[in-house]
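Structure assessment
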Amino acid sequence: MSAKNPRVAVVGATGAVGREMLEVLAQRDFPASEIVPFASARSAGTKVEYKGAELTVRELKEDSFVGFDLALFSAGGTTSEKFAPLAAKAGCVVVDNSSAWRMDPKCPLVVPEVNPSDLSWHNGIIANPNCSTIQMVVALKPLHDVAKIKRIVVSTYQAVSGTGQKAIAELETQVAKLMNGKEAECKVYPYQIAFNCLPQIDVFLDNGYTKEEMKMVLETKKIMGDDSIRVTATAVRVPVFYGHSESVNIETEKKLTVEEVRQILASAPGIMVEDFPEKKIYPMAINAAGQDDVYVGRIREDESIDNGINMWIVADNIRKGAALNAVQIGEELIRRNLLRVL
């Protein structure tokens, strides 16, 4: 094993995020000695692309991680719960994209631009946050450091790719059928997603919020390292293929002007400020798709409170919201010499 040229497993390599992980690893020239894709038995033997070549997908088994340094997981919570501890036991550090380990107090929940130092206490499993949480905290942490955020109100407009390939196909099929005068079939979502907005992502909980909404509440506090921040969320699925958009309102202890917010965000890592309303320039999902940055615009004072700011935050949910963040964690582990089970 080599901490500087790790042998890397990509688990769930045939899914939307798994394929994007392979693409990001290639584009960023990740210093791996070898990349090996894994998936379920039914996908074993299929081919996935990496740096212009085809890699054969291997079946994920209990002993698959012997000899690996790093494993990027995107295969669902059940798979992660079973196989991540086995990987860690074999000496392989796991970066897991499911929700299985996010709120485990023994597992860091990391966005490299926000809390990379939390990697220092990993015990072999590191959680990749929820896609909608990632892009929000990238934009809010620099403001929190300067003015201390007291409260966050967020409404999300989330692309169907966050649900997976079947949801992408369902939107495509529904649009085609409806445009041809046929009835839309609903298999992935409870209602038609084409030309519609669904104010439900994941299941409803006893408090009336959905699981997705509570993920944002709890994950934000853990990543930002501040339980005093009050967070409330409404998560909506919209008929967009790639790119989550968020309307975010913050209340801070110290007053920030619009120009100060722009300057802080413009100098922060991983952020692109697009805020020229007079020229109709603001972040949009179609422009963020395929890009690494988190885009912020529509920055304006909330005139209903003393220290309030509104903003519009957009990012590619499959890329920065999942694959890129996981690869960045891997890069940070190498940089900090933490690519080992502590």
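Since this is a predicted model, take the numbers as computed values, not measurements. (Residues numbered from 1 in each chain as written. Predicted model: local features only at pLDDT ≥ 70, side-chain atom pairs only at ≥ 80, totals over all residues. Heavy atoms only, no water.)

1. Remarks on the overall build of the chain
A count of helices and strands for the chain gives eight helices and 14 strands. For the chain, whose C-alpha radius of gyration is 20 Å, the value lies close to the compact-globule estimate of 20 Å for 342 residues. Summarising its shape, the C-alpha atoms of the chain cover approximately 60 × 55 × 40 Å along the three principal directions. Within the chain, the fraction of its 342 residues that count as buried is 52%. Taking contacts inside the chain between residues at least 6 apart in sequence as the whole, the part at least 24 apart equals 67%. Counting only carbon and sulfur atoms, one obtains 49% of the accessible surface of the chain, whose full area is about 15100 Å². For the chain, the distance from the average site of its 39 positive side-chain charges to the average site of its 44 negative ones is 3 Å. (Helix = DSSP H or I, 4+ residues; strand = E, 2+ residues; numbered from the N terminus. Rg over C-alpha atoms; globule rule 2.2 N^0.38 Å. Buried < 20%, exposed > 50% of the residue type's maximum accessible area, 1.4 Å probe, protein only. Contact = heavy atoms within 4.5 Å. Areas by Shrake-Rupley, 256 points an atom, 1.4 Å probe, with all protein chains shown as cover. Lys, Arg positive; Asp, Glu negative; His and termini not counted. Charge placed at Lys NZ, Arg CZ, Asp CG, Glu CD.)

2. Quick notes on the packing of aromatic side chains
Evaluated as defined, the whole model comprises four aromatic pairs. Considering the side-chain rings of Phe65 and Phe73, the 5.7 Å spacing of their centres and the 20° angle between planes classify their relative orientation as stacked. Each member of the pair, Phe65 as well as Phe73, is classed as buried. Ring plane angle 50° and centroid distance 5.4 Å describe the contact between Tyr157 and Trp312, whose orientation is recorded as tilted. Of this pair, Tyr157 sits in strand 9 (residues 149-158) while Trp312 sits in strand 14 (residues 308-315), and the two are 155 residues apart along the sequence. On the basis of relative accessibility, which here comes to 23%, the residue Trp312 falls in the partly exposed class. Pairwise contacts between aromatic rings join Phe38, Phe65, Phe68 and Phe73 into one cluster. For Arg7, the ring lying beneath its charged end belongs to Phe68, and the centroid distance is 4.0 Å. (Phe/Tyr/Trp six-rings, centres within 6.5 Å; stacked < 30°, edge-to-face > 60°. Lys NZ or Arg CZ within 6 Å of the ring centre and 35° of its normal.)

3. Quick notes on the packing of helix 3 (residues 131-147) against helix 6 (residues 258-266)
In the contact formed by helix 3 and helix 6, the axes pass within 9 Å of each other and the chain directions differ by 115°. The handedness of the crossing between helix 3 and helix 6 is right-handed. Across from Ala139, Pro142, Leu143 and Val146 in helix 3, the residues of helix 6 making contact are Val261, Ile264 and Leu265. Tallied by class, the residues present in the contact of helix 3 with helix 6 amount to seven nonpolar, no polar and no charged. (Axes fitted to C-alpha atoms, helices over the stretch in contact; angles between N-to-C directions. Left-handed = near helix turned anticlockwise from the far one by under 90°. Nonpolar A, V, L, I, M, F, W, Y, C, P; charged D, E, K, R; others polar.)

4. Focus on the sheet that holds strand 10 (residues 230-237)
Pairing is mixed across the open sheet formed by six strands, whose spatial order is 10-9-11-14-13-12. Looking at which strands have only one partner, the edges of the open sheet turn out to be strand 10 and strand 12 (271-273). In this sheet, neighbouring strand axes are inclined to one another by 20° on average, regardless of whether the strands run parallel or antiparallel. Taken strand by strand, helix 5 (residues 211-224) contacts strand 9, strand 10 and strand 11 (244-252), and its axis lies near 140° from that of strand 10. (Pairing = 2+ DSSP bridges.)

5. Digging into the sheet that holds strand 5 (residues 58-59)
Within the open sheet, the six strands sit side by side as 5-2-1-6-7-8. Their pairing is parallel. Every interior strand has two partners, whereas the edge strands, strand 5 and strand 8 (125-127), have only one. Relative to strand 8, strand 7 (residues 93-96) runs parallel, the two being bridged by three bridges. Across the sheet, the residue bridging to Val95 is Ile126, located in strand 8. Against the sheet, helix 1 (residues 16-27) contacts strand 1 (7-11), strand 2 (34-39) and strand 6 (70-73), and its axis sits at roughly 150° relative to strand 1.

6. What to know about the pattern of salt bridges
Scanning the entire structure with this criterion turns up 22 salt bridges. The partner of Asp202 in a salt bridge is Lys215, with the nearest N and O atoms 3.8 Å apart. Of this pair, Asp202 sits in the loop between helix 4 (165-179) and helix 5 while Lys215 sits in helix 5, and the two are 13 residues apart along the sequence. A single salt-bridge network, built from bridges that share partners, covers Arg7, Glu34 and Arg58. (Salt bridge = Lys/Arg side-chain N within 4 Å of Asp/Glu carboxyl O.)

7. Details of the environment of Ala39
Counting through the fold element by element, Ala39 comes out in strand 2. Each C-alpha atom of the pair Ala39 and Asn310 lies 42 Å from the other, and the pair is 271 residues apart in sequence. Ignoring any residue separated from it by four or fewer positions in sequence, one finds Ala39 in contact with Gly12, Thr14, Val57, Arg58, Glu59 and Leu60.

8. Comments concerning the side chain of Asn97
You can see Asn97 is positioned in the loop between strand 7 and strand 8. Overall, the relative accessible area of 14% leaves Asn97 in the buried class. A polar side-chain atom of Asn97 sits 2.9 Å from a polar atom in the side chain of Asn128. Those residues in contact with Asn97, other than ones at most four positions away along the chain, are Val17, Met21, Phe73, Ser74, Arg102, Asn128, Gly321 and Ala322. (Polar contact = N/O pair within 3.5 Å; in protein donor to acceptor, adjacent residues only side chain to side chain.)

None of the figures reported here should be taken as evidence of function without further support.
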